[in-house]
Amino acid sequence: FGSSPLGSSPVDPGRKIPTTKKSCQSSASVKKMVRVKAFELRAKTSKELLKELDEAKAELAALRVAKVSGGAASKLAKIKVVRKAIARILTVYNQKQKAEARKQYKGKKYQPLDLRPKKTRAIRRALKTEQKFMKTPKQKTKASNFPMRRFAVTM
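Residues numbered from 1 in each chain as written. Predicted model: local features only at pLDDT ≥ 70, side-chain atom pairs only at ≥ 80, totals over all residues. Heavy atoms only, no water.

1. Comments concerning the pattern of salt bridges
Applying the stated criterion to the full structure yields two salt bridges. Between K44 and E52 there is a salt bridge, and its shortest N-O distance comes to 2.5 Å. Residue E59 is joined to K78 by a salt bridge in which the shortest nitrogen-to-oxygen separation is 2.6 Å. Of the two residues, E59 sits in helix α3 (residues 46-68) while K78 sits in helix α4 (residues 73-105), which places them 19 residues apart along the sequence. Take E59: its relative accessible area is 11%, and that puts it in the buried class. By relative accessible area, K78 is classed as buried at 9%. (Salt bridge = Lys/Arg side-chain N within 4 Å of Asp/Glu carboxyl O. Helix = DSSP H or I, 4+ residues; strand = E, 2+ residues; numbered from the N terminus. Buried < 20%, exposed > 50% of the residue type's maximum accessible area, 1.4 Å probe, protein only.)

2. Section: the packing of aromatic side chains
Centre-to-centre distance and the angle between the planes together describe a pair of aromatic rings. All chains considered together, the criterion is met by zero aromatic pairs. A cation sits over an aromatic face here: K108 above Y105, 5.8 Å from the ring centre. (Phe/Tyr/Trp six-rings, centres within 6.5 Å; stacked < 30°, edge-to-face > 60°. Lys NZ or Arg CZ within 6 Å of the ring centre and 35° of its normal.)

3. Topic: the layout of surface pockets
A volume near 420 Å³ is recorded for the largest pocket. R116, P117, K119, R124 and K128 are the residues nearest the centre of the largest pocket, which is lined by 14 residues in total. For the lining of the largest pocket, the secondary-structure elements that each account for two or more residues are α5 (121-125) and α6 (129-132). For the lining of the largest pocket, a count of residues per class yields five nonpolar, two polar and seven charged. (1 Å grid on protein atoms, 1.4 Å probe; cavity = no way out; pocket = protein on both sides within 12 Å on 5 of 7 lines; lining within 4 Å. Points joined across faces, edges and corners; volume = space filled by probe spheres on them. Nonpolar A, V, L, I, M, F, W, Y, C, P; charged D, E, K, R; others polar.)

Purely geometric stuff here, so don't read any function into it on its own.
Printed below as a string of structure tokens:
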């Protein structure tokens, strides 16, 4: 099957398999930065995320240099993948930071504005339920001195 010097495919005898060093290197570099999965990133620590972020940014800089100097099409297509990977890393990192801040302020009387519930401006300014039903001392005494009348008539 593969006895010809050009190296033919066992599936299709007419198709040639590239065996040059250049093609093997480019496929290895493409596999180096595979699409980053968010669930894999969440398992990592903040320091590991920052390290991975630096690596991705360095790779993006290298790819941009290759773009200016007229690099291969595979490198140009890889720019988008790396940019999205950077965005995913930053998203997971920021989510971790916010979760730690929420844990820190749990049960405290005051919270930073960005940790408070957003809702709407009107709802945020409205009275709370216990404030709505509060009564002044005068109202309390009046209510106790003059309770609602009870009538024995039923309909």
